[in-house]
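Each chain, written out:
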Amino acid sequence: MGFLQRVLESAFDSIGYDVEIIVLPGERALLNANSGLDDGDAFRAPGFEDAYPNLIRVPEKIGVMEFMAYSSPGAKIGRVTWKGLRDYTVAYANGWKIYERNVQAEEVTVVRNIKYLFPLLEQERADIVLLDRWQGLYMAKKQGVKVKLLEPPLAKVDMYMYLHKKHDALVSKVVTVLRKMKQDGTYDEIMSAELEQHNYMSN
Amino acid sequence: MRDLKALVQSGMFRNNGIGRRLIVALILFSSFMTAIITTFELYLDYDQDINGIEKRIEFIGDSYLPTLAESVWVADSQQIQTQLTGLSRLQDIESLVISIDGSDRWQVGDVHSQRTIERSLPIFRNYRGDDIKIGTLHIVASVDNVLDRLWDKLITILISNGIKTMLVSLFMLLIFQFMIGRHLEHISHYLRNLGRMPSANEKLKLVRKEDGLWRPDALDYVTRSINNMHNDIAVFQNEILQLNESLEQRVKERTQQLDDANRRLAEALKDIEEASQAKTVFLSRMSHELRTPLNAICGFSELLLNEDLNDDQRESLDWIVKAGRHLLYLINDLLDLSRIEVGKLSINMQPCDFDKLVREALKMHQSQIDYREITVQNLCTSSVTVRTDATRMTQIIVNLLSNAIKYNRTGGNIQLNCEELGQDRLRLSVTDTGYGIPKDKQALVFEPFERLGAEQSGVEGTGTGLALSKHLAELMSSAIGFHSEIGKGSTFWVDIPIAKQSVPDRLPSHTASDTHVEVITVLYVEDNTANLKLVENILKHQTGFHILTAINGMEGLDLARQEKPDVILLDIHLPMMDGYEVLEKLKSDASTRDIPVIALTADAMPGDISKGIEAGFYQYLTKPFEQIKLVNTLKSAVADTPRA
C-alpha cells in the first residue's frame, strides 16, 4: 500500500489536493465511492462501470494487480495455472470476483478477511492461498508468516483510479500528472523504493 | 339408554313438547353463545398473531440489524444470505430483501400471500464518526398464514362446541326429565283423568325418593294444591248434587202446585164456558122467540100495505113496518155482538166476487136511496176476487151504506170506490156528502151504542152498526177506518184481503125472470099458524104460486109424496119430528129426493145456517124474512132443479 499512497499523494499534491487513503472491503469501497460518501476508489480493475454508474475512470493506469498463488515454503508445488488449482485445497477471501469465476478446486475455503488466509497455510488447512502480490507480501510480513510466492502470476490486470462524478473536472488533471510522473521518472522511483522494501521483507 | 328411549317416547317430545322446546332452546342459546365467544376469541387470536408479527419485525430490527449491517458493510453476500435465511425461518416471515440505493441486492423468500404486512428497516453503520444509511431491509410477513390458522381453529371450535352442546343438552334433558319432566307428565296425566275419577280418594302422588337430604320443593306444593283442589271439587260436586236434588224436589212441588192451579183454572174456565154456553143458548132461544112474533108483525104489516088503505092507515102501517125492521136489526146486531164477545161467531172465509157483494148491498138499500133522493156513484165495477165471509162482509158494506144514506143530506151524493192497495188488499171507500163527524167525537165512532148526538137529529139507528162492523172486519183479517170533515162529509173505508184463487165455478144460477111461467107448487111445513098464514098470504099475492101446508113433519112427508110439489119450505122446530129428520126422509125417498127443500126458521145462528146447507137444504132462510127474498128464493130453487 505504501506504493499507491505515495503515488497518489505525489500526484494530488502537485495539483493542490490532500489525499487520504482508507482501507475498506473491496465492494464497500465501490459502494461508498459510488454513493459519494467517499470521493473515489483508488485502485480498481476495470469492468464495474455498469454496476456503479456514478464512478468515472481516470484513464491512466495506476499500477498492475498480479493475482498470485502462495504456498507454504516447504510445499512441493511448482508453477500453477487456473486448471492446476483443481488438485489442491485452495483458500481466498470473500468478494474476489476473479477467483469466484475461475477457481474450480477440489476443496475451497472462502474467508471473510484476507487476514485469515495465511494462518490457513500455517495450520495446513489449505495448500494454496490466492491473493494479489502486494497485499500478500504485506500480510505475510505483518503476520510473520513464511510463504512461497508461486511465479508467474495466475493473472495480471491493469488497475485504475475511479472518481465520483462530482469530481469529473479533476480527471484530466490527474491523468496529466500521472503521465508526467511516469515521464520524469517519479513513478518508477517510487516503485523501485517500494519493491526494494518488500523484496527485502519477503526474504 | 332405557331412560333416553322412554324420554324420547314421552309426551315431552311429541309435537311441541317441553322437552323438544328445551332442547331447541339449549341448542339455539348454546350456538348463539358459542358464536359470540368464538368470534371474540378469534378476534383476540388475530390481534395477538398480528402483534406477534410486529414484535418479530421489531425484534429483527433490534437484535439482527447491527450484525446484518456489518455484513452489508463488507457486502458479504454469503454471510448476508445465511443471516436472511435464518430470519426467514421466523414465523409468518415470508420474504426478506436488502436494497441499496433503491435497488434490491439480496433476497430470501418470495411473496405468495395476498394479505401481507410489510415493513422497511433502514440499515445504519458508523463510518468516520457518523451513522450512515448503507441500505434497507424490507420484511414481508404473511397475514394469510394467520387467517389460515384462525380458520383451522374455527373449525376445531365449531366441532368441539357442537359435540359439547349436544352432550350438555342431552345431559340437561335427562336431568330435567328425571327431576321435573316425568313428574309433570304424571301430574298432566292425573289432571286429564280427573273428571273420570269417581272420588277424591285417588290422591296425586309423585314417584320420588324422599330420604336423607330431601326437602319439599315446588312440585310438592303443586301436588298438595292439586290434591286440595280435587278435594274441594269433590265437596262442591257433592253440594251441587244435593242442591240439585233439593231443586228437583222443589220443582216437583212447584209443578204440583202449578198443576193444581191449572186444574182449578181449567175448572173455572169450564164453568165460564158453560155459563157462556148457557148465555149463547139463552140468546139463541130469545132470538128465536123474539123473531117469530116479529116475523108475523112485519110480514102481515107488509101484506096489509098491499090492501086498499087510506093515507092515515098507510102511514101507521109504515111506522109499524119500520119499527119492526128496526127492532129486528137491533136484535140481530145485539146477538152478533154478544156472540163475538164470547168468541162464538164463526167466520167462513171463501173467495168471492167483491163487485157482486157491493151490488147486493146497494140493492138492499135501493128504496131508501130513492126515498132520500140520493145519487149513488158506484165505481166498484171491476171484478176483484176477495177472500172473506160473504155474508159478514155484506153486513159491513150494508152498515157503511146505511150510515152514508142516513147521515147524508137529502139529495146528496154517495160515492163507492174500490182501490187495490198493493197486491194483496182491496180498499172499499164509501164517501158521503153529510155533515161530517166533529173531531172530538171521532174517537167514539166505533164504540157500541154511541150515536154521536144523532139522537137529536132524528136519524134512526141502534148505535151498534159500526161497532159490529169493526169487530167483524177484524175477525176477517180486514181493517176499517174513516176520515171526516165537518161540512163536507165522511169517508169510511174497509180493507179486504185479495184472494189468491178465483171463485170456484158453480152452476149458472137463474134469475127469477128466467123461470118458466108454469105454476109453482110450494109445500110449507110449519107448526106456527101465524107463519103459515103469512106465507100463504104472501104467495097468494104473487102470480104463479100454489101453496100446500102441513103443520108437522109426518103430514108434510105424506103431502110431499102424494103431491110432488116443486119446492118445499120447511120449518126446523117441528113437533115430533124436526126439520132435519124430515129432510133426511125426503132425501132417502126416491120420489121426493129431487125436490129442493128450503129451510125457513128463526134459528139464525151462523152455525145453524152452515149446518143446514151441509144437511142438504137448498137454502136456509131466517125469520123474519123479506117477502121479495122468499119469492126469489122459491123461484130460483125451482129453476135450478132439473125436471124429470
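About the cut-offs
- Residues numbered from 1 in each chain as written.
- Chains lettered and ligands numbered in written order.
- Predicted model: local features only at pLDDT ≥ 70, side-chain atom pairs only at ≥ 80, totals over all residues.
- Heavy atoms only, no water.
- Helix = DSSP H or I, 4+ residues; strand = E, 2+ residues; numbered from the N terminus.
- Contact = heavy atoms within 4.5 Å.
- Areas by Shrake-Rupley, 256 points an atom, 1.4 Å probe, with all protein chains shown as cover.
- Domains from an automatic or database assignment.
- Salt bridge = Lys/Arg side-chain N within 4 Å of Asp/Glu carboxyl O.
- Buried < 20%, exposed > 50% of the residue type's maximum accessible area, 1.4 Å probe, protein only.
- Pairing = 2+ DSSP bridges.
- Axes fitted to C-alpha atoms, helices over the stretch in contact; angles between N-to-C directions.
- Patch = residues over 30% accessible without salt bridge, like charges linked within 9 Å, V, L, I, M, F, W, Y side chains within 5 Å.
- Lys, Arg positive; Asp, Glu negative; His and termini not counted.
- Charge placed at Lys NZ, Arg CZ, Asp CG, Glu CD.
- Disulfide = S-S within 2.5 Å.
- Buried area = accessible area lost by both parts, 1.4 Å probe.
- Polar contact = N/O pair within 3.5 Å; in protein donor to acceptor, adjacent residues only side chain to side chain.
- Nonpolar A, V, L, I, M, F, W, Y, C, P; charged D, E, K, R; others polar.
- Phe/Tyr/Trp six-rings, centres within 6.5 Å; stacked < 30°, edge-to-face > 60°.
- Lys NZ or Arg CZ within 6 Å of the ring centre and 35° of its normal.

**Notes on the overall build of chain B**
Next up, step 1: Counting its regular elements, chain B contains 16 helices and 16 strands.
Next up, step 2: A sequence separation of at least 24 residues applies to 69% of the contacts in chain B between residues at least 6 apart.
Next up, step 3: Looking at chain B as shown, the accessible area adds up to about 37,500 Å², and 55% of this sits on carbon and sulfur atoms.

**Focus on the domain arrangement of chain B**
Next up, step 1: The assigned domain composition of chain B is domain 1 (2–183), domain 2 (238–345), domain 3 (349–497) and domain 4 (512–640).
Next up, step 2: Here domain 1 of chain B and domain 3 of chain B have C-alpha centroids that lie 118 Å from each other.

**As for the pattern of salt bridges**
Residues and elements named next belong to chain B.
Next up, step 1: In this structure the tally under the stated criterion is 25 salt bridges over all chains.
Next up, step 2: Taking the shortest distance from any N to any O, the salt bridge between R119 and E54 comes out at 2.5 Å. Pair noted here: R119 is in strand β3 (residues 116–127) and E54 is in helix α2 (residues 18–73), with a separation of 65 residues, a long-range link.
Next up, step 3: Judged by relative accessible area, which is 31%, R119 ranks as partly exposed.
Next up, step 4: With a shortest N-O distance of 3.1 Å, K470 and E474 are connected by a salt bridge. Taken together, the residues K470 and E474, both in helix α11 (residues 465–475) and four residues apart, mark about one turn of the helix.
Next up, step 5: If you follow the salt bridges from partner to partner, you end up with D49, R56, D92 and R149 in one network.

**Describing the sheet that holds strand β8 (residues 413–421) of chain B**
All names here are of chain B.
Next up, step 1: Pairing is mixed in the open sheet, where five strands are placed in the order β6-β8-β9-β11-β10. Two strands in the sheet have a free side with no partner beyond their single neighbour: β6 (375–378) and β10 (479–485). Along the sheet, successive strands turn relative to each other by an average axial angle of 15°, direction set aside.
Next up, step 2: Pairing analysis gives eight bridges linking β8 to strand β9 (residues 425–432), with the strands arranged antiparallel. Bridging across to β9, I414 finds its partner in D432.

**Quick word on a negative patch on the surface**
Residues and elements named next belong to chain A.
Next up, step 1: A cluster of acidic side chains, namely D87, E106, E107 and D127, defines a negative patch on the protein surface.
Next up, step 2: For D87, the position within the fold is in the loop between β2 (55–71) and β3 (89–93).
Next up, step 3: The exposure class assigned to D87 is exposed, which follows from its relative accessible area of 65%.

**Quick notes on α11(B)**
Next up, step 1: Among the residues of α11(B), B:G465, B:L466, B:A467, B:L468, B:S469, B:L472 and B:A473 are the ones counted as buried.
Next up, step 2: Phi turns positive, to about 55°, at B:S477, one or two residues after α11(B).

**So, the state of the cysteines**
Residues and elements named next belong to chain B.
Next up, step 1: Under the criterion given, the structure shown has one disulfide over all chains.
Next up, step 2: Residue pairing for C380: its cysteine sulfur links by disulfide to C418, the two sulfurs lying 2.0 Å apart. Judged by the sign of its S-S torsion, about 100°, the bond between C380 and C418 is right-handed. A residue pair is termed long-range when its members are at least 10 positions apart, and C380 in the loop between β6 and β7 (385–388) and C418 in strand β8 qualify at 38 residues.
Next up, step 3: By relative accessible area, which is 24% here, C418 ends up partly exposed.

**Examining the interface of chain A and chain B**
Next up, step 1: In this assembly, 14 residues from chain A lie in contact with 14 residues from chain B.
Next up, step 2: Each partner contributes to the roughly 1,200 Å² buried at the junction of chain A and chain B, and carbon and sulfur atoms together form 47% of this total.
Next up, step 3: Joining chain A to chain B, the criterion identifies four salt bridges.
Next up, step 4: Inspection of the chain A/chain B interface yields eight residue pairs in polar contact (both at pLDDT 80 or more).
Next up, step 5: Split into classes, the residues belonging to the side of chain A that touches chain B amount to six nonpolar, three polar and five charged.

**Some points on the packing of aromatic side chains**
Next up, step 1: In this structure the tally under the stated criterion is 15 aromatic pairs over all chains.
Next up, step 2: Ring centres of A:F67 and A:W96 lie 6.2 Å apart, and the angle between their planes is 90°; on these two criteria the pair is classed as edge-to-face. Residue A:F67 is found in strand β2, and its partner A:W96 is found in the loop between β3 and α3 (97–102); the two are separated by 29 residues along the sequence. An identical accessibility class is assigned to A:F67 and A:W96; each is buried.
Next up, step 3: When the ring of B:Y580 is compared with that of B:F617, the centres are 5.7 Å apart and the planes differ by 70°; the resulting orientation is edge-to-face. Of this pair, B:Y580 sits in helix α14 (residues 579–588) while B:F617 sits in the loop between α15 (606–615) and β16 (619–622), and the two are 37 residues apart along the sequence.
Next up, step 4: Among the residues examined, B:F617 registers a relative accessible area of 3% and is labelled buried.
Next up, step 5: One aromatic cluster is present, formed by A:F67, A:W82, A:Y92, A:W96 and A:Y99 through successive ring pairs.
Next up, step 6: One cation-aromatic arrangement involves A:K182 over A:Y187; the distance from NZ or CZ to the ring centre is 5.4 Å.

**With respect to the domain arrangement of chain A**
Residues and elements named next belong to chain A.
Next up, step 1: According to the domain assignment, chain A contains domain 1 (2–64 + 157–202) and domain 2 (65–155).
Next up, step 2: Look at where the C-alpha atoms of domain 1 and domain 2 centre, and you get two points 25 Å apart.
Next up, step 3: Across the boundary between the two partners, domain 1 contributes twelve residues, which contact eight residues of domain 2.
Next up, step 4: For the pair domain 1 and domain 2, the two sides together bury roughly 990 Å², of which 74% comes from carbon and sulfur.
Next up, step 5: At the junction of domain 1 and domain 2, the tally comes to zero salt bridges.
Next up, step 6: Where domain 1 meets domain 2, there are one residue pair in polar contact (both at pLDDT 80 or more).
Next up, step 7: Secondary structure elements with two or more residues in the side of domain 1 that touches domain 2: β2, β6 (148–164) and α7 (186–202).
Next up, step 8: In terms of residue count, the dominant contributor to the side of domain 1 that touches domain 2 is α7 (six residues).
Next up, step 9: Class assignment for the residues of the side of domain 1 that touches domain 2 results in seven nonpolar, four polar and one charged.

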